[in-house]
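Each chain, written out:
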Amino acid sequence: MRLGVLDIGSNTVHMLVVDAHYGARPAPAADDRTVVRLMMYLEDDNTVNPEGVKALQEAVKRAMLFAERFGAEEVIGLATSALREAANGPEVLAGLEELAGIKFSVLSGKEEADLTFLAARRWHGWAAGRLLVLDIGGGSFEAAYGIDENPEFAASVPLGAGRLTKSYLKHDPPQQDELEVMRKYIKEEMKPLADSLKQLPKPDHVVATSKTFRSLARLAGQLVAVVGPTERRRMSRSDLEDWVDRLAEMPASARTALPGITPERTYQIVAGAEVALRAMKAFKVDRLEICPWAMREGAIFTYLETQRQSLD
């Protein structure tokens, strides 16, 4: 079937249209995204303000028209941390469901981690052994570990690049005291995850997903020769570390001249780089590989499995 996946994230409203059936890799047909940066529309009482609601509505309308234009027979709706945690999230989501004519699954942080892990496992295969999968979103950071398709360990903490930028980095470029306070918070939030992972065997392969990691890998990583047309990159901790302070010293307008740093990411790439580096340090990761599949692909595999079971 031709399937649409509409993902309302903390940064973007993303529609992915794929040709998919059980047992096959989802073949992308088209995708479209609207940059909303929802975290910027949260008020002090953690409600999405009217301007943010309007931005979401416009983005969802555009996404559904896009899916219709490309022949999506069904659309899966997903919502992640920003709407999940917003005080008026249920009200906002109900309006978006009425507008789109679909139901949205509001994913917990662990569910986000589980789906992303499944996608990474399917992409890298059984030969990758024990996988550690890292993902930096706009509102949260997820880590998952395991040797099967369901992770043995999965956790989510509020270390999204957009969330941290809004909470801590008030100046452009950020001031040193702002950075120090943010780094301390990141370290504190990362420690329980690191303590849990220390109790498990060392991973055989560490991979990262999300636009933040991909942007950083384009900036600080290296291309890897692989079979097929898909670009693959690896990034070492030492190469990333070389860039973290340099990114923080630049104004946002200057960062867009760097490879991989797009205008919609330039304001929050400093926070994202800090989270990536702290995760690699805390989990003792010297090098990681970028995985092109993430939560949306995991949701597709789960949906197809559910559909197959319903027919048996």
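Residues numbered from 1 in each chain as written. Predicted model: local features only at pLDDT ≥ 70, side-chain atom pairs only at ≥ 80, totals over all residues. Heavy atoms only, no water.

Points about the packing of aromatic side chains
Taken as a whole, this structure holds five aromatic pairs when the rule is applied. Ring-pair connections join several aromatic residues into one group, and the members of that group are W123, W293 and F301. The ring of F301 carries the charged tip of R122 above its face, separated from the ring centre by 4.7 Å. The aromatic ring of W243 is capped on one face by R246, whose charged end is 3.8 Å from the ring centroid. (Phe/Tyr/Trp six-rings, centres within 6.5 Å; stacked < 30°, edge-to-face > 60°. Lys NZ or Arg CZ within 6 Å of the ring centre and 35° of its normal.)

A closer look at helix 1 (residues 50-69)
Look at helix 1: 29 Å from first C-alpha to last across 20 residues, which is about the 28 Å you get at 1.5 Å a residue. G52, V53, L56, A59, V60, A63, M64, F66 and A67 are the residues of helix 1 that are buried. One side of helix 1 carries all its buried residues, which in axial view fall inside an arc of 155 degrees. Exposed residues pointing more than 90 degrees away from the buried face of helix 1 are listed as P50, E51, K54, L65, E68 and R69. Of the surrounding elements, those touching the buried residues of helix 1 are strand 1 (2-8), strand 2 (12-19), strand 3 (27-35), strand 4 (74-79), helix 2 (81-85) and helix 3 (89-100). Note on helix 1: the residue one or two positions beyond its end, G71, has a positive phi of about 75 degrees. (Helix = DSSP H or I, 4+ residues; strand = E, 2+ residues; numbered from the N terminus. Expected span 1.5 Å × (residues − 1). Buried < 20%, exposed > 50% of the residue type's maximum accessible area, 1.4 Å probe, protein only. Arc of directions from axis to C-beta. Contact = heavy atoms within 4.5 Å.)

Topic: the environment of S167
Looking at the element boundaries, S167 is found in helix 5 (residues 161-168). Of the residues examined, S167 reaches a relative accessible area of 44% and is grouped as partly exposed. Separated by 108 residues in the primary sequence, S167 and V275 place their C-alpha atoms 14 Å from one another.

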